[in-house]
Amino acid sequence: MTPETETDEVWILGATGRIGRAVAARLAARGVVPVLVGRDRERLRGAAAALGRADAKTVVVGTAEGAAAEITRQRPAVVVNTIGDYAATAALIARACMPGGHYVDLAADLAAVSRLLGLHQDAATAGSTLVTGAGFGVLATEAVVVKLCEGRPTPQRVRVDALASVAAEAGVLGSAFATTSVDVLTTGGRRCRDGRLVRTGLGADPQVLTLPDGQRVKSAGVPSGELLAARRASGAPFVTVTSALAPASPAVRAVLPVLAALLSVRALRRLAVRRLARTPVEAAPRPRRHSWGHAVVIWPDGTGREGWLRAGDGMDYTADVAAEVAVRLARGAARPGAYTPAAAFGPGLATAAGGDFVLG
């Protein structure tokens, strides 16, 4: 507990969702009984019972603004934000944690990661640590870049590829995933050129990668937080990022500009998010044995290195990362400021959460 916080509590916002439940279970297994925060009292009670802690504290709030107000009032030590729509919710909730309280989210979109990192000086002054992108994509690629660049001069070019493999859980897509998907479409692609973010087409830079385990996977460019994390980790002026979740088919990529233009209309965007959130999903095993973070680093003299981080199910790994970060923040193991995961704790965080490096 810091002088500015009232308790040693670790709050999980969105505690009844898939990731929220998984993070809560991991914290409870490590002796940290989390406070479960969500919109539905009965579902929160069910989540607490599933932890074997029916007496666990719950907080019912209907909106992100309501959550921020409760955080300001009750002053928990750490807040884990799993509610999604991070471009809108992250800064609001992170500011509520200050002074002294710590914050972690699972953001992967470029806008959300950029905005949270923009709070660095405010967080440093307030004695708070904010960690954004504490999930598979950002950490699995950022950590590989850090490992490849250790002891080397600044590279010229970096490409990272986030190749998640996730088992589907029966239910609906949900508002968090729907919001992120629509925002990716309307944002379009991005890359770093001469140190500046520039626009590209969504689905640019398509790749067909052979994984270290012999399987093959397609990926393409997306406007993701991995881009900013890789740029900061390497200092390279030219950085690109692809994802296995991006549309790699030429036919699909051809219609994306028209779809993005339609979804840029606010009313159509809201309608698309609502309908997509209600889309039913059938349970299915993950499509590949492992999830992989991948990086290729090229130096000005033309030499290069390639590396991978191997993990299991991408969603499970995200929960492992978020829980590990929350525990470390509760122990006061990071300096104040706003960071991506490996910037806060080093590349060893990736292995502490269960990943394995395969470096060339």
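Just above, that's the structure.
Residues numbered from 1 in each chain as written. Predicted model: local features only at pLDDT ≥ 70, side-chain atom pairs only at ≥ 80, totals over all residues. Heavy atoms only, no water.

Student: Any chance you could break down the side chain of glutamate 142 for me, citing the residues and the numbers?
Tutor: Mapped onto the elements, glutamate 142 comes out in helix α7 (residues 136-149). Buried charge without a salt bridge: glutamate 142, with arginine 232 as the nearest opposite-charge side chain at an N-O distance of 8.1 Å. Excluding anything up to four places from it in sequence, glutamate 142 contacts Ala229, Ala233, Thr340, Pro341, Ala342 and Ala343. (Helix = DSSP H or I, 4+ residues; strand = E, 2+ residues; numbered from the N terminus. Buried < 20%, exposed > 50% of the residue type's maximum accessible area, 1.4 Å probe, protein only. Lys, Arg positive; Asp, Glu negative; His and termini not counted. Salt bridge = Lys/Arg side-chain N within 4 Å of Asp/Glu carboxyl O. Contact = heavy atoms within 4.5 Å.)

Student: Summarise a nonpolar patch on the surface; cite the residues concerned and give the values.
Tutor: Residues Val258, Leu262, Val265, Leu268 and Leu271 make up a contiguous nonpolar surface patch of roughly 400 Å² in combined accessible area. The topology assignment puts valine 258 in helix α10 (residues 250-263). (Patch = residues over 30% accessible without salt bridge, like charges linked within 9 Å, V, L, I, M, F, W, Y side chains within 5 Å. Areas by Shrake-Rupley, 256 points an atom, 1.4 Å probe, with all protein chains shown as cover.)

Student: Before we move on, could you go through the pattern of salt bridges and cite the residues and values that matter?
Tutor: Any two side chains of opposite charge can pair, on the condition that their charged atoms come close. Applying the stated criterion across every chain yields a total of 13 salt bridges. Residues glutamate 9 and lysine 57 are paired through a salt bridge, measuring 3.3 Å at the closest nitrogen-oxygen approach. Taken together, the residues span a long stretch of sequence, with glutamate 9 in the segment before β1 (10-13) and lysine 57 in the loop between α2 (41-50) and β3 (58-60) at a distance of 48 residues. Judged by its relative accessible area of 31%, lysine 57 is partly exposed. Between arginine 26 and aspartate 320 there is a salt bridge; the shortest N-O distance is 2.5 Å. Of this pair, arginine 26 sits in helix α1 (residues 18-29) while aspartate 320 sits in helix α12 (residues 314-330), and the two are 294 residues apart along the sequence. Residue arginine 26 is classed as partly exposed on the basis of its relative accessible area of 23%. Sharing partners across several salt bridges, the network here consists of Arg30, Glu324 and Arg328.

Student: Could you give an account of the pairing of strand β9 (residues 189-193), naming the residues involved and the relevant values?
Tutor: The buried fraction of β9 is high, at four of five residues. Of the strand pairs in this sheet, β9 and strand β10 (residues 196-200) are connected by five bridges, and their pairing is antiparallel. Pairing of cysteine 192 across the sheet is with leucine 197, part of β10. The antiparallel pairing of β9 with β10 creates a hairpin that spans two residues between the two strands, and aspartate 194 there sits at a positive phi of about 55°. (Pairing = 2+ DSSP bridges.)

Student: Which residues make up the environment of arginine 269, and what values do they have?
Tutor: Topologically, arginine 269 is positioned in helix α11 (residues 266-277). Separated by 87 residues in sequence, arginine 269 and valine 182 place their C-alpha atoms 7.2 Å apart. Setting aside residues no more than four positions away along its own chain, arginine 269 makes contact with Thr179, Val182, Asp183 and Leu263.

Student: Lay out the pairing of strand β15 (residues 291-298) in plain terms, naming residues and giving numbers.
Tutor: Buried residues dominate β15, accounting for seven of its eight residues. With seven bridges joining them, strand β7 (residues 157-163) and β15 adopt antiparallel strand pairing. Considered in β15, the bridge of arginine 159 is made with valine 296. In terms of strand pairing, β15 meets strand β16 (residues 304-311) through eight bridges, oriented antiparallel. From the neighbouring strand, isoleucine 298 faces β16, where its bridge partner is glycine 304. Remark: five residues form the turn of the hairpin made by β15 and β16, two consecutive strands paired antiparallel; glycine 302 in that turn has positive phi of roughly 95°.

Student: Account for the nonpolar core, with residues named and values stated.
Tutor: The biggest cluster of nonpolar side chains holds 92 residues, and the ones touching the most others in it are Val23, Leu130, Tyr317 and Val325. Residues contacting leucine 130, with those up to four places away along its chain left out, are Ala94, Met98, Tyr103, Leu116, Leu119, Ala123, Gly337, Ala338 and Tyr339. (Core = buried A, V, L, I, M, F, W, Y, C linked by side-chain atoms within 4.5 Å.)

Student: Residues and numbers for unusual backbone geometry, please.
Tutor: Omega for the bond connecting methionine 98 with proline 99 falls within 30 degrees of zero, at 0°, which places this linkage in the cis form. By secondary structure assignment, the location of proline 99 is in the loop between α4 (86-97) and β5 (102-105). Here the phi dihedral of arginine 75 falls at roughly 55°; this positive angle occurs in a residue that is not glycine. One can find arginine 75 in the loop between α3 (64-74) and β4 (78-81). Unlike most non-glycine residues, aspartate 205 shows phi in positive territory, near 55°. With respect to the secondary-structure elements, aspartate 205 resides in the loop between β10 and β11 (207-210). Judged by relative accessible area, which is 25%, aspartate 205 ranks as partly exposed.

Student: With reference to specific residues and values, describe the sheet that holds β1.
Tutor: Strand pairing in a sheet takes place through backbone hydrogen bonds and is either antiparallel or parallel in direction. Spatially, the seven strands line up as an open sheet ordered β3-β2-β1-β4-β5-β6-β17, and their pairing is parallel. Sheet topology places β3 and β17 (337-339) at the edges, where each strand pairs with a single neighbour. Between one strand axis and the next, the sheet turns through 15° on average, direction left out of account. As defined by bridge partners, β4 adjoins β5 across four bridges and the pair is classed as parallel. Counterpart to valine 78 in the pairing with β5 is histidine 102. (Axes fitted to C-alpha atoms, helices over the stretch in contact; angles between N-to-C directions.)

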